[in-house]
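Residues per chain, in single letters:
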Amino acid sequence: MSRLLWLLMVWAMVLVAPGVASAEGHAFPEYTGEEFVALYDYAVANTLPNLEAPNGRYPITGNDDLDERIWEAAFSRGYVLRPTAGDDLNRADGVVMQPQAAAAWKGLKTQARAAGMYFIVSSAYRSPAAQRTQFNSKLSGTSDTAIDATLTWYSVPGTSKHHAGYALDFRYRSGTFGGFRATPDYRWLKDDNFAVPKSHGLIPSYPDDVDNQGPNPEPWEFVWVGTSLAACGLPQVVAAAHGPAAAISVDLHRCPGGMEPVATPAWLGLP
Ligand SMILES: [Zn+2]
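A few words now on the overall build of the protein. Helix and strand counts for the protein stand at nine helices and eight strands. Looking at the protein as a whole, 46% of its 271 residues are labelled buried. Considering only contacts within the protein whose residues lie at least 6 apart along the sequence, 74% involve residues at least 24 apart. Accessible area for the protein stands at about 13,100 Å²; split by element, carbon and sulfur atoms hold 57% of it.

Now the structure itself:
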C-alpha cells in the first residue's frame, strides 16, 4: 500500500472516530447505532467477566429439518451464537442478572425515580432452555413467513444477549415492550445520545438504524458495557488512527482515568 493511501486511510479513521469532534460539553462520546453494537461486541470479547463460550446450536422444535431452516433464517437475519453467564448472578427487583448490571440498574433506577420516571426492569438473564420455550411458544406454523415473523422479535436459543446476563429489558409495569418507545421514560433515556444510561455503563442493545442485527430494533433493551468503555469507545479505533502515544492523550481527553485494563475472558479458552 502506498504511503499516501495509508495516510488518507488514517485521516479517514480520525474523522470517523466517535465523539472526538463533539467531546466538548459531553461527558460521553456520541455513538451511531453501529457503534453501540460494536461496543457491546467488544465488551463481550474483551472486558465483561463471568461469561462462558457459546455452546453451538441448540435444538429448537424437535424436528431437525425445521430446526435447520430456522437456524439458516436466523443467521441470515444477523443472529449469532452468544456466550452464556457463569455462576453467581444477582437478583434485583426479582430479576436475575450479572452483579455489574444489578449495580447499574440500582443507580439508573434511583436517578429515574428522582426524575419522575417509573419504568421497571422486567427481564435480564435468560437461559438457552428458557429461550427455547419462549421461541417455541411464539412460533405459529412452519412456513418461512411464520419463521421470519417469530425471528423479528424472538431469538433462537443460544443467540440471545440475555444469555450473558448483561441485557436489561425496560417497560412500564402495566405496559408492553412495544409501547415503550412512545413513553416519556424512553425519551428521557434516549436524550443526548443516551447520556443517562451511558453514565451507568448501559447502552442500547438493538439500536435504530442498524441492519441485520438479528431482531428488529428494540428500544426497551439495554446492555451493560461499563462506564469506561462507554466513555472511551473502541480503543483500537483510536490507537490505529493515532498510534499508541496519541491514543493515550486522546483517551485522557475523552475519558479521564483511561481505560480499564483489558482481561481476556476465560470463555475464549486462551492460555
Ligand atoms: Zn430483551
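In the structure shown here, the tally under the stated rule is eight salt bridges. Across the pair Arg82 and Asp41 runs a salt bridge, and its minimum N-O distance is 3.7 Å. Taken as a pair, Arg82 in the loop between α3 (64-76) and β2 (84-85) and Asp41 in helix α2 (residues 33-46) lie far apart in primary sequence, 41 residues in all. When its relative accessible area of 37% is taken as the criterion, Asp41 is described as partly exposed. The network of salt bridges with common partners includes Arg57, Glu68 and Glu72.

With that settled, consider the packing of helix α4 (residues 99-114) against helix α7 (residues 184-199). As a packed pair, α4 and α7 sit with axes 9 Å apart at the nearest point and diverge in direction by 135°. Relative to α7, the element α4 lies oblique. Here Leu108, Gln111 and Ala112 of α4 come into contact with α7, specifically with Trp188, Leu189, Val196 and Ser199. Residue composition of the contact of α4 with α7, by class: five nonpolar, two polar and no charged.

Buried within helix α5 (residues 128-138) are the following residues: Pro128, Gln131 and Phe135. One side of α5 holds all its buried residues, which, seen down the axis, span an arc of 55°. Along α5, exposed side chains directed more than 90 degrees from the buried face belong to Ala129, Thr133 and Ser137. In this structure, the buried side of α5 is in contact with α3, β2 and α6 (144-151).

A word on the sheet that holds strand β8 (residues 218-224). Whether parallel or antiparallel, the strands of a sheet pair through hydrogen bonds between backbone atoms. Read from one edge to the other, the open sheet built from four strands follows the order β5-β6-β8-β7, with strand pairing classed as antiparallel. Unpaired on one side and paired on the other, β5 (120-123) and β7 (202-206) mark the two borders of the sheet. When the angles between neighbouring strand axes are averaged without regard to direction, this sheet yields 50°. On top of the sheet, α4 reaches β5, β6 (167-171), β7 and β8; it is set at about 25° to β6, its chief contact.

Listed as protein donors to the zinc ion are His162 (NE2), Asp169 (OD), Asp169 (OD) and Glu221 (OE); their distances from the metal cover 2.0 to 2.5 Å. Considering all four donor atoms around the zinc ion, angles at the metal cover 56 to 153° and the coordination shape is irregular. If you list the donors of the zinc ion from N- to C-terminus, the spacing comes out as H-x6-D-x51-E. Within this pair, whereas His162 is found in the loop between α6 and β6, its partner Glu221 is found in strand β8, the two being separated by 59 residues in sequence. For the pair formed by His162 and Glu221, the shared burial category is buried.

The next point concerns unusual backbone geometry. A positive phi angle, close to 50°, is found at Asp93, a residue other than glycine. One can find Asp93 in the loop between β3 (90-92) and β4 (95-97). The backbone of Asp192 sits at a positive phi, close to 55°, despite the residue not being glycine. Mapped onto the secondary structure, Asp192 falls in helix α7. Judged by relative accessible area, Asp192 falls into the partly exposed class, the value being 36%.

This next bit is on the packing of aromatic side chains. Tallied over the entire structure, the rule returns 15 aromatic pairs. Here Trp71 and Phe75 contribute two aromatic rings whose centre-to-centre distance is 5.4 Å and whose plane-to-plane angle is 35°, an arrangement assigned as tilted. Linking Trp71 with Phe75, this pair stays in helix α3, spanning four residues, or about one helical turn. The exposure class assigned to Trp71 is buried, which follows from its relative accessible area of 2%. Of the residues examined, Phe75 reaches a relative accessible area of 30% and is grouped as partly exposed. Lying across the ring of Tyr206, Lys161 places its NZ or CZ 4.2 Å from the centre.

Conventions used here
- Residues numbered from 1 in each chain as written.
- Predicted model: local features only at pLDDT ≥ 70, side-chain atom pairs only at ≥ 80, totals over all residues.
- Heavy atoms only, no water.
- Helix = DSSP H or I, 4+ residues; strand = E, 2+ residues; numbered from the N terminus.
- Buried < 20%, exposed > 50% of the residue type's maximum accessible area, 1.4 Å probe, protein only.
- Contact = heavy atoms within 4.5 Å.
- Areas by Shrake-Rupley, 256 points an atom, 1.4 Å probe, with all protein chains shown as cover.
- Salt bridge = Lys/Arg side-chain N within 4 Å of Asp/Glu carboxyl O.
- Axes fitted to C-alpha atoms, helices over the stretch in contact; angles between N-to-C directions.
- Parallel < 35°, antiparallel > 145°, perpendicular 65-115°, else oblique.
- Nonpolar A, V, L, I, M, F, W, Y, C, P; charged D, E, K, R; others polar.
- Arc of directions from axis to C-beta.
- Pairing = 2+ DSSP bridges.
- Donors = N, O, S within 2.8 Å, 3.2 Å for Na, K, Ca; no water.
- Tetrahedral: all angles 85-135°; square planar, octahedral: opposite > 155°, others 65-115°.
- Phe/Tyr/Trp six-rings, centres within 6.5 Å; stacked < 30°, edge-to-face > 60°.
- Lys NZ or Arg CZ within 6 Å of the ring centre and 35° of its normal.

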